[in-house]
Amino acid sequence: MAPIIRLPLFTFSGTGNTWWVARQIAAALNQQGITAEAFSIEQLSREEIEDLVHRADTIGIGYPIYASDAPLLVQDFVHNLPISEPPKPALVFVTQMEWSGNGAWLLHHSLESRGYRVRWAVEFKMPNNIGMHIFPVPSTPNFAKFTPKLEKATNRARRLAGSILAEQEWIQGKGVINNALSLLQRLPWRLALKWTQTHTWSVDAEKCTHCGRCERICPVENIRLDPGGLPIWSDQCNLCLRCFNYCPEQAILVYKKPFDPKRNGGQPYHGPVPEFKPELLARKK
Ligand SMILES: Cc1cc2nc3c(=O)[nH]c(=O)nc-3n(C[C@H](O)[C@H](O)[C@H](O)COP(=O)(O)O)c2cc1C
């Protein structure tokens, strides 16, 4: 008989890929008799996190890769995890368009300092969620095109569940070359981060209908509406692209330019499956 393991998957997902992978991992673990559930970290209170961690045998953390780095709110989440004594095993899973360097292994020191030992650090290739004029790699909103990637990711989730059940470690992103190449990507990203957080977004006041969706779905409450209902960004942006990708009017501008309807089949990325909506993950208000 498989041992009963409780494994909460603490997940951040900007545009749906990591959400989808977390659910595949949970389903594959459930099939193996492991009690796993995916949670959006945006929706959990401090008390709920403490309770889930306290009852867990192993914890899971999932996030999208941003330039070989973890999103800021995930870094914060890890730094504030309840201290585990004795140490608990941890699973880290990341989603990426193509390459994450040591992004899956990156947080192992921080996790160790809170009492968690990373035994699984696994990468999942998912569709590109960046569809803007400054980025040369194409993206598409065509769900049918994602099938091969999603099938591979499902198989990988099953393989991961098998290795958790067998207590076999699976670590990706470790190693000197990976480390060095990741640094080349991560350092400029971190150096430019403050500037990028404060200079990227603005709104086309003619197109904006003041619906407030951007404000409601921002994972870090970085957007407020001015008295006329137009969004204003503060300086805590995580660059997750949720506001840009999910504005119903495509009214959000990147460096003063709108989404280019000639790119990406005319629509920004809307997640890997049609049922994804950012409201599924966002803080309840
Ligand atoms: C700001 C930003 C930086 C990214 N950097 C990388 C990267 O370095 N390597 C990569 O393969 N994908 C990169 N991506 C793509 C995402 O990691 C990928 O599409 C991810 O699955 C999105 O997950 P989500 O839908 O859960 O937010 C980046 C995306 C964003 C928004």
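Residues numbered from 1 in each chain as written. Predicted model: local features only at pLDDT ≥ 70, side-chain atom pairs only at ≥ 80, totals over all residues. Heavy atoms only, no water.

J.: Talk me through the nonpolar core; I want residue IDs and the actual numbers.
T.: Counting residues in each nonpolar core, the largest one holds 33 residues, and the members touching the most others are Ile-25, Leu-91, Phe-124 and Leu-160. Counting residues per element, the ones that place at least two in this core are β1 (6-11), α1 (17-31), β4 (88-96), β5 (116-125) and α5 (147-165). With eight residues, the top contributor of residues to this core is α1. In contact with Phe-124, not counting residues within four places along its chain, are Val-21, Ile-25, Phe-93, Val-94, Thr-95, Gln-96, Ala-153, Arg-156, Ala-157 and Leu-160. (Core = buried A, V, L, I, M, F, W, Y, C linked by side-chain atoms within 4.5 Å. Buried < 20%, exposed > 50% of the residue type's maximum accessible area, 1.4 Å probe, protein only. Helix = DSSP H or I, 4+ residues; strand = E, 2+ residues; numbered from the N terminus. Contact = heavy atoms within 4.5 Å.)

J.: Give a detailed account of the pattern of salt bridges, specifying residues and quantitative values.
T.: Under the criterion given, the structure shown has nine salt bridges. One salt bridge connects Glu-169 with Arg-117, and the closest N-O pair in it is separated by 2.7 Å. Here the residue Glu-169 occupies a position in the loop between α5 and β6 (170-171), and Arg-117 occupies one in strand β5, the gap between them amounting to 52 residues. Residue Glu-169 is classed as partly exposed on the basis of its relative accessible area, which comes to 40%. Residues joined in a network through salt bridges with shared partners are Arg-117, Arg-119 and Glu-169. (Salt bridge = Lys/Arg side-chain N within 4 Å of Asp/Glu carboxyl O.)

J.: So what's going on with a nonpolar patch on the surface? Which residues, and what values?
T.: Judged by side-chain polarity, Trp-99, Val-176, Ile-177, Leu-181 and Leu-184 come together as a nonpolar surface patch covering roughly 580 Å² of accessible area. Tracing the chain through its elements places Trp-99 in the loop between β4 and α4 (108-113). (Patch = residues over 30% accessible without salt bridge, like charges linked within 9 Å, V, L, I, M, F, W, Y side chains within 5 Å. Areas by Shrake-Rupley, 256 points an atom, 1.4 Å probe, with all protein chains shown as cover.)

J.: So what's going on with the site of the ligand? Residues and values would help.
T.: Within the structure, the ligand sits among 25 residues, and Ser-13, Thr-15, Thr-18, Ile-65 and Glu-98 are positioned closest to it. Between Asn-17 and the ligand, the recorded distance is 2.8 Å, taken from a backbone N or O atom to an oxygen atom. Contact distances for the ligand include 2.8 Å between an oxygen atom and a side-chain N or O atom of Thr-95. Along the lines of polarity and charge, the residues of the shell around the ligand split into 12 nonpolar, 12 polar and one charged. (Near = heavy atom within 4 Å. Polar contact = N/O pair within 3.5 Å; in protein donor to acceptor, adjacent residues only side chain to side chain. Nonpolar A, V, L, I, M, F, W, Y, C, P; charged D, E, K, R; others polar.)

J.: Account for the pairing of β4, naming residues and giving values.
T.: Side-chain direction in a regular strand flips from residue to residue, so the side chains alternate between the two faces of the sheet. Most of β4 is tucked away: eight of the nine residues are buried. In the sheet, strand β3 (residues 59-64) pairs with β4 via six bridges, with the strands oriented parallel. Across the sheet, residue Ile-61 finds its bridge partner in β4, namely Val-92. This β-α-β element, β3 to helix α3 (residues 72-79) to β4, shows right-handed connectivity. A crossover links β4 with its parallel partner β5, the connecting element being α4, and its sense is right-handed. (Pairing = 2+ DSSP bridges. Right-handed = clockwise from strand over helix to strand, strands pointing away.)

By themselves, these figures tell us nothing about what the structure is for.
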